[in-house]
Amino acid sequence: MRSIEARGLTKEFKVYQSRPGLKGAFRDLLNRQYRTIRAVDAIDLTIEQGEMVAYIGENGAGKSTTIKMLTGILQPTAGELKVNGFDPHREREKFVKTIGVVFGQRSQLWWDIAVQESFRLLKQVYQVPDADYKQRLDRMIEVLDIGELLDQPVRKLSLGQRMRCELVAALIHQPKLLFLDEPTIGLDVLVKENIRVFLREINREFGTTVLLTTHDISDIEALCSRVVMLDQGKVIYDGGLQELRRNWVKGKKVHFELAREVDMSELEARTAGMPLRWERKGERQVVLHLEQPDLAVSDVLAQIVQHVHIVEMQIEEVSTEEIVRKIYQEGMTLA
Ligand SMILES: Nc1ncnc2c1ncn2[C@@H]1O[C@H](COP(=O)(O)OP(=O)(O)OP(=O)(O)O)[C@@H](O)[C@H]1O
């Protein structure tokens, strides 16, 4: 079963332009000029039930606009879209029962009433049977550790407390698909970890599909094996996190500290023909630049350990965050 199937999904906005001065304002009244922004530009996206996918891109790339179409808030300008088997906009009433949504800035909890009252209201809205409701809620209260918050009005909760309650609210009806927009923004490390563990659990246990938009790369590393990257409304990468790293990490650096002064010519001679470069950093310090991702550090070590005494060694990996930043900066097409 497919969670999301989009073909040529497009959204255009008309943005009215105003001309300067009083004369301009009059002319605008009679004949308004506008330009068209293609916020989402013919994207194809297929997400299978049970996948956890990160949907990322720079500010203005078109992420929110896509999510708004996928959740039925906006109607696409063009393209075909099925989410959980429904047309999200046209079949909105039936469709919303099959999704859960956590948008960092917007709350689905009622501000002035106790958290558990909000949960009860949502139970009514989604017509969750009593037994299911009790079982799900008890479990979520325990895993997310929100027992003490249930009697508090939402306005009194800290951001981390509120986000945990938002997650419960989004999952009361056990949706097949969960949209998360910046779920861990501004949260401390412990709460973040708590939320990630919980998300992995519901994914494993119920096969819940998760589509996550985030600027926090550690969320992606912790949760998603697939990344869809958007740039100017177009998908520029759709694939595994590992492949993304492999494509972009052109090499690694290994820092060595040796027992004796470095003999560069010996290192070079022993590793001749390998795609690497040695750099002297100090009397006993040397850096190895591996220039191809498939050259293993162990292959190089095998050539030199018999001849040089290594005191310390440190491999410098490029973080996913750096890779993503590089892709945004260079605007390369990977797809
Ligand atoms: N209602 C609207 N009217 C006109 N233009 C819009 C509207 N909503 C979004 N846009 C434009 O569409 C483009 C994509 O915006 P969108 O909010 O989808 O990006 P985003 O990737 O979610 O960015 P961010 O990370 O900042 O939330 C931007 O150029 C934005 O200005």
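Scroll up for the structure.
Computed from a predicted model, the values in this text were never measured in an experiment. (Residues numbered from 1 in each chain as written. Predicted model: local features only at pLDDT ≥ 70, side-chain atom pairs only at ≥ 80, totals over all residues. Heavy atoms only, no water.)

Asker: Please clarify how the overall build of the protein chain should be interpreted in this entry.
Answerer: Regarding its fold elements, the protein chain presents 12 helices and 13 strands. Taking 335 residues into account, the globule formula puts the C-alpha radius of gyration at 20 Å, and the protein chain, at 26 Å, lies well above it. Along the first, second and third principal axes, the C-alpha atoms of the protein chain reach 75 × 60 × 40 Å. Residue burial in the protein chain is summarised as follows: out of 335 residues, 46% are buried. (Helix = DSSP H or I, 4+ residues; strand = E, 2+ residues; numbered from the N terminus. Rg over C-alpha atoms; globule rule 2.2 N^0.38 Å. Buried < 20%, exposed > 50% of the residue type's maximum accessible area, 1.4 Å probe, protein only.)

Asker: I tried to follow the site of the ligand on my own but got confused; where do I start?
Answerer: The immediate surroundings of the ligand are formed by Phe13, Val15, Ala39, Glu58, Asn59, Gly60, Ala61, Gly62, Lys63, Ser64, Thr65 and His215. At 2.9 Å, a side-chain N or O of Asn59 approaches an oxygen atom of the ligand. One of the backbone N or O atoms of Gly62 is found 2.9 Å from an oxygen atom in the ligand. Against a free-state accessible area of 630 Å², the protein chains account for coverage of 61% of the ligand. Among the secondary structure elements, those contributing two or more residues to the shell around the ligand are β1 (2–17) and α2 (63–70). Looking at the shell around the ligand residue by residue, the class counts come to 4 nonpolar, 6 polar and 2 charged. (Near = heavy atom within 4 Å. Polar contact = N/O pair within 3.5 Å; in protein donor to acceptor, adjacent residues only side chain to side chain. Areas by Shrake-Rupley, 256 points an atom, 1.4 Å probe, with all protein chains shown as cover. Nonpolar A, V, L, I, M, F, W, Y, C, P; charged D, E, K, R; others polar.)

Asker: What is the right way to read the pairing of strand β9 (residues 234–240) from this model?
Answerer: Within a regular strand, side chains alternate between the sheet's two faces. As paired elements, strand β8 (residues 226–231) and β9 share 6 bridges and run antiparallel to each other. Counterpart to Arg226 in the pairing with β9 is Gly240. Hairpin connection from β8 to β9: 2 residues lie between these consecutive antiparallel strands, with Gln232 at a positive phi of about 50 degrees. (Pairing = 2+ DSSP bridges.)

Asker: What exactly am I supposed to notice about the packing of helix α4 (residues 115–126) against helix α5 (residues 130–143) here?
Answerer: Packed helix pairs are characterised by how far apart their axes lie and by the angle those axes make with each other. Remark: α4 packs on α5, axes separated minimally by 11 Å, with the N-to-C direction vectors making an angle of 140 degrees. It follows that α4 is oblique to α5 by the angle criterion. α5 is crossed by α4, and the crossing has right-handed handedness. Where α4 approaches α5, its residues Gln116, Phe119, Arg120 and Lys123 are matched on the opposing element by Asp130, Tyr133 and Leu137. Its residues assigned to classes, the contact of α4 with α5 shows 3 nonpolar, 1 polar and 3 charged. (Axes fitted to C-alpha atoms, helices over the stretch in contact; angles between N-to-C directions. Parallel < 35°, antiparallel > 145°, perpendicular 65-115°, else oblique. Left-handed = near helix turned anticlockwise from the far one by under 90°. Contact = heavy atoms within 4.5 Å.)

Asker: So what exactly am I meant to see when it comes to the pattern of salt bridges here?
Answerer: If the charged atoms of two oppositely charged side chains come close together, the side chains can form a pair. All told, the structure shown has 25 salt bridges when counted by the stated rule. A salt bridge links Arg270 to Glu266; the shortest N-O distance between them is 3.1 Å. Linking Arg270 with Glu266, this pair stays in helix α10 (residues 264–270), spanning 4 residues, or about one helical turn. Overall, Glu266 belongs to the partly exposed group, its relative accessible area being 25%. Residues participating in the shared-partner salt-bridge network are Arg2, Glu5, Arg7 and Glu48. (Salt bridge = Lys/Arg side-chain N within 4 Å of Asp/Glu carboxyl O.)

Asker: Can you help me understand a nonpolar patch on the surface in this one?
Answerer: A cluster of nonpolar side chains, contributed by Leu22, Phe26, Leu29 and Leu30, occupies part of the molecular surface with about 560 Å² of accessible area. Mapping Phe26 onto the fold places it in helix α1 (residues 21–30). We classify Phe26 as exposed; its relative accessible area is 54%. (Patch = residues over 30% accessible without salt bridge, like charges linked within 9 Å, V, L, I, M, F, W, Y side chains within 5 Å.)

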